[in-house]
Amino acid sequence: MASDITRIRSSSAALSALYHLKLVNNDLAIRGKKLAFGLRLVSASEDPADARISINMEARKRGLGVAIDNIWDAKNMLTVAEGGLTKIKDVLLEIRDKLTQAANESMGLEEGLSIAAEIRSFLHEIVRIAHETRWNDLGLLDSSPPPESSSSASRTFHFHTGSGPGDDIAFTRKYLFDTANIKDDNLWSNWKDNANILTVRLGKVENPSVAITQRVYDSRIGYTNASAEINVKEVYESLGIAEKVGIDGAHDTHNINASVNELIQKVDALITATSEWITHVGSMISRLQTKEEAIMISKVNVSASLSRIRDADMAKEYMMRTRDDILQNTALAFLSQANVSASNIVGMLVSR
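What counts, and where the lines are drawn
Counting from 1, residues in each chain are numbered in the order their sequence is written. Two thresholds apply to this predicted model, a pLDDT of at least 70 for residue-level local features and 80 or more for giving and counting side-chain atom pairs, whereas whole-chain, interface and lining totals are computed over all residues. With hydrogens and water excluded, all non-hydrogen atoms of the structure serve as input to the side-chain values. Only buried residues count toward a nonpolar core, which is a set of Ala, Val, Leu, Ile, Met, Phe, Trp, Tyr and Cys residues joined through side-chain atoms within 4.5 Å. Accessibility here uses a 1.4 Å probe with only protein chains present; expressed as a share of the type maximum, an area under 20% marks a residue as buried, one over 50% as exposed, and anything in between as partly exposed. Here a helix means four or more residues in a row that DSSP labels H or I, a strand means two or more in a row labelled E, and each is numbered from the N terminus. Any two residues whose heavy atoms approach within 4.5 Å at even a single point are treated as in contact. Points on a 1 Å grid over protein atoms alone make up a cavity when a 1.4 Å probe fits among them but cannot get out, and a pocket when they form an open set with protein on both sides within 12 Å along at least five of seven lines; lining residues each have an atom within 4 Å of a point. Grid points are joined across faces, edges and corners, and a volume is the space filled by probe spheres set on the points. A carboxyl oxygen of Asp or Glu within 4 Å of a side-chain nitrogen of Lys or Arg is what we treat as a salt bridge.

> What is the right way to read the nonpolar core from this model?
As a rule of thumb, soluble globular proteins bury nonpolar side chains together. If you look at the biggest cluster of nonpolar residues, it comprises 79 residues, and the most contacted ones within it are Ile95 and Phe177. For this core, the element with the most residues is helix H9 (residues 256–310), which contributes 18 residues. Setting aside residues up to four positions removed in sequence, phenylalanine 177 forms contacts with Leu85, Ile88, Ile126, Ala130, Leu141, Asp142, Ser143, Val200, Arg201, Leu202, Thr274 and Trp277. In this structure, Ala14, Ala17, Leu21 and Leu335 belong to the second largest nonpolar core, which totals 5 residues.

This is the structure we're talking about:
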């Protein structure tokens, strides 16, 4: 820019130096913010298009993070259910062992009473486990509150496993233990008066009060259908001791071996259904694990893309700040020189 140093009313050299000094100071302020916040886009005015893209990517990144938390919650809930089912399966196996022992007619009265009492205790434990296996206020294995209905919403858990709407995985419960009328410990304490209703029953979700039927193997007749339920009264009747202990309306069997074999079929039906349920839960946990790994990969890559758009290149910003420091000193020097030139003209006039 050409200037005449003898004209001091409007010193173009000083104004030009001041203009460039302001530009450098403004750039220094922006560089300082970028270094302080670690951001390339401190303001949307710097790059409106990238600012909009970064907002959308930030929403997706945060959504993926919440989805991972949701998956962990779902896995934890299903693991609680699996733990309860596994324990019930173990108790059912214990009951089967006792019935197998009871089917041997070398047992006497005292042995039969001991086996029946132990089986009754096991049945009570199954009811307790089924009712107490819970997640928050929801019974996972029985029909306790929130109340069940025949709607799909009551049978199905929807796990939100993505960052957007509709990214759901549905887990449908097939079975429930019917504990509605036998949760009260007083019923089990007065078991002789309530033996007829003290039943471990596994039913479909829409109607848990009706036992499901499973195909089980009997070496005498091959595969046959058996109900997935067992009742305290029929345990004592099958062992031929119900009348002896004073159960109302009981009729003891005259063929302990055949009656106990029928009970074993029912226990096998319960074991088969419980094992199927455990497999169903385990498959969903495995599926959620796979989904979690995929989402974590997505989140890492979305975060990397967002970083390239939004985050500052610290080395570059520091280099640009160093450049601006030098330019600031240079602009100050030129401004000072322009002012000195004007002062020289004033000095010339004063000396005259």
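> Explain empty space enclosed by the protein to me, please; I cannot follow it from the model alone.
Remark: the empty space left among the atoms is shown by a probe the size of a water molecule rolled over them. Enumeration according to the criterion identifies 1 cavity of 30 Å³ or more in this entry. What lines the largest cavity is Met77, Leu78, Ala81, Leu140, Leu141, Phe157, Phe171, Arg173, Trp277 and Val281. For the lining of the largest cavity, the secondary structure elements donating two or more residues are helix H2 (48–102) and H9. Counting residues per element, the lining of the largest cavity draws most heavily on H2, at 3 residues.

> Can you help me understand the pattern of salt bridges in this one?
Side chains bearing opposite charge may pair, as long as their charged atoms lie close to each other. Tallied over the full model, the rule gives 11 salt bridges. A salt bridge links glutamate 132 to arginine 128; the shortest N-O distance between them is 2.6 Å. Placement of both glutamate 132 and arginine 128 in helix H3 (residues 109–132) is noted, with a separation of 4 residues, approximately one turn of the helix. With a shortest N-O distance of 2.9 Å, arginine 201 and glutamate 229 are connected by a salt bridge. In this pair, arginine 201 is assigned in strand E6 (residues 199–204) and glutamate 229 in strand E10 (residues 229–231), connecting sequence segments 28 residues apart. Take arginine 201 and glutamate 229: they sit in the same class, and that class is buried. A single salt-bridge network, built from bridges that share partners, covers Glu125, Arg128 and Glu132.

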